[in-house]
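# Inside the fold
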Amino acid sequence: MGSLNEHPVLSVAPTTFRGDDGQPREMFKVYIADATGAVGCIYSRRAYQPGDIVQLEAYAKSDGKFAVRIAP
């Protein structure tokens, strides 16, 4: 497991994807600012509220590149 960083949620926007079975699947775009103030988003199955604190962790994807996700 990577090191954890806590960040406040700035905004949340619901979005819908089509699953492999063709059925709609609701997810949420969770907007978070980094240490420089730049804002990015992470997709989540869980709905957060603005002001919630989330822990982010770095992980290595199958292609060897690093990414960030909300820690469980």
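Described below are features of the structure shown in this document. Note that the coordinates shown come from a computational prediction; the quantities given were computed from them, not determined experimentally. Residue numbers restart at each chain and count upward from 1, following the sequence in its written direction. Given that this is a predicted model, residues contribute local features only at a pLDDT of at least 70 and side-chain atom pairs are listed and counted only at 80 or more, while totals for whole chains, interfaces and linings are drawn from all residues. As a rule here, side-chain values cover all heavy atoms of the structure and leave hydrogens and water aside.

### Here we look at the pattern of salt bridges
The line we're drawing: Any carboxyl oxygen of Asp or Glu within 4 Å of a side-chain nitrogen of Lys or Arg constitutes a salt bridge here. The way it works is that DSSP assigns letters per residue, a run of H or I at least four long becomes a helix, a run of E at least two long becomes a strand, and they are numbered from the N terminus. The cut-offs for exposure are 20% and 50% of the maximum accessible area for each residue type, with area from a 1.4 Å probe on protein chains only; residues under the lower value are buried, those over the upper are exposed, and the others partly exposed.
Enumeration according to the criterion identifies one salt bridge in this entry. Here arginine 69 and glutamate 57 are joined by a salt bridge, their closest N and O atoms 2.9 Å apart. Here glutamate 57 lies in strand β4 (residues 53-60) and arginine 69 lies in strand β5 (residues 66-70), a separation of twelve residues in the sequence. When its relative accessible area of 37% is taken as the criterion, arginine 69 is described as partly exposed.

### Describing the packing of aromatic side chains
Keep this limit in mind: By convention, a stacked pair of Phe, Tyr or Trp rings (six-membered ring in the case of Trp) has centres within 6.5 Å and planes under 30 degrees apart, an edge-to-face pair has planes over 60 apart, and any other such pair is tilted.
Per the counting criterion, the structure on display carries one aromatic pair. With centroids separated by 5.3 Å and ring planes inclined at 70°, the aromatic side chains of phenylalanine 17 and tyrosine 43 adopt a geometry described as edge-to-face. Here the residue phenylalanine 17 occupies a position in strand β1 (residues 4-18), and tyrosine 43 occupies one in strand β3 (residues 39-44), the gap between them amounting to 26 residues. In this structure tyrosine 43 comes out as partly exposed when scored by relative accessible area, which is 43%.

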